[in-house]
Amino acid sequence: GDSVTQMEGPVTLSEEAFLTINCTYTATGYPSLFWYVQYPGEGLQLLLKATKADDKGSNKGFEATYRKETTSFHLEKGSVQVSDSAVYFCAPEGRNAGNMLTFGGGTRLMVKP
Amino acid sequence: ETGVTQTPRHLVMGMTNKKSLKCEQHLGHNAMYWYKQSAKKPLELMFVYNFKEQTENNSVPSRFSPECPNSSHLFLHLHTLQPEDSALYLCASSQAQGSETQYFGPGTRLLVL
């Protein structure tokens, strides 16, 4: 079945530091890939997505590139802010029954001033 | 504000109680989802409804009983729960099952004593 591996957190950074959160997946075919973010006390929100190989999704300064050859979709941001503190979830859209999302375990990011 | 609301936001119940969680979406979507988010496990999909019909049940114990009276409302009826059922229960909706973006509610934090 489909699966996702995310780097374990928490990741603690100082403000303006560079962020990378690794994500690799196994899936049948070439799924669409998503990053969701969960701010404290809230549900998940779509952060960005990519639907085919070499596509780059971007939003709010975050970027992730669909790497078919390495089955990866690493999340990056050049300069994090305190307000980016949240839990980040990688999720390929499975080509299994119903095209359901398979969520990774989540990576907690803590940004200190 | 994602257009998906959940009530109550917090719930404490004993193992012999019966309670219900409510989810409502104002987005005109046709698919609705229940997820369980607990501290030590990845986000778990519980149930999926597409056009009011249940299409997925991920081996959820019968003490959780979903109900979808129409495309805008989703309930999760709870009875004789166990302490290990304590978690954040998230509702989500999408245009249809398999649509790329799911919109999440803020969740109900459940504590079973």
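The model shown is predicted, which means the values in this text are computed figures rather than measured ones.

(A) Focus on the sheet that holds strand S5 (residues 33–38) of chain A. All names here are of chain A. A sheet is described by the order of its strands in space; here 5 strands give the open sequence S2-S11-S10-S5-S6, paired in mixed fashion. In the strand order of this sheet, the two ends are held by strand S2 (11–14) and strand S6 (44–50), each with one partner. Each strand of the sheet is rotated relative to its neighbour by a mean of 25°, with strand direction disregarded. When strand S10 (residues 86–92) meets strand S11 (residues 107–112), the two strands line up antiparallel, connected through 3 bridges. Each bridged residue has a counterpart across the sheet, and for Val 87 the counterpart in S11 is Arg 108.

(B) Representation of the side chain of Ser 38 of chain B. Residue and element names in this part refer to chain B. Position of Ser 38 relative to the elements: it lies in the loop between strand S4 (31–37) and strand S5 (44–50). Judged by relative accessible area, which is 16%, Ser 38 ranks as buried. In this structure Ser 38 touches Glu 44, Ser 86 and Ala 87, once residues within four positions along its chain are discounted.

(C) Quick look at the state of the cysteines. What the rule picks out here adds up to 2 disulfides over all chains. Between the sulfur of Cys 23 of chain A and that of Cys 90 of chain A lies a disulfide, 1.9 Å long from S to S. The chirality of the disulfide connecting Cys 23 of chain A with Cys 90 of chain A is left-handed, given an S-S dihedral of about -70°. A residue pair is termed long-range when its members are at least 10 positions apart, and Cys 23 of chain A in strand S4 (residues 23–26) and Cys 90 of chain A in strand S10 qualify at 67 residues. Under the relative-accessibility criterion, Cys 23 of chain A is labelled buried at 0%. The residue that forms a disulfide with Cys 23 of chain B is Cys 91 of chain B, at a sulfur-sulfur distance of 1.9 Å. A torsion of -75° about the S-S bond marks the disulfide between Cys 23 of chain B and Cys 91 of chain B as left-handed. With a gap of 68 residues between them, Cys 23 of chain B in strand S3 (residues 18–25) and Cys 91 of chain B in strand S9 (residues 87–94) connect regions that are remote in the sequence. No disulfide involves Cys 68 of chain B; its nearest neighbouring cysteine sulfur is the one of Cys 91 of chain B, lying 9.1 Å away.

The rules behind the values
- Residues numbered from 1 in each chain as written.
- Chains lettered and ligands numbered in written order.
- Predicted model: local features only at pLDDT ≥ 70, side-chain atom pairs only at ≥ 80, totals over all residues.
- Heavy atoms only, no water.
- Pairing = 2+ DSSP bridges.
- Helix = DSSP H or I, 4+ residues; strand = E, 2+ residues; numbered from the N terminus.
- Axes fitted to C-alpha atoms, helices over the stretch in contact; angles between N-to-C directions.
- Buried < 20%, exposed > 50% of the residue type's maximum accessible area, 1.4 Å probe, protein only.
- Contact = heavy atoms within 4.5 Å.
- Disulfide = S-S within 2.5 Å.

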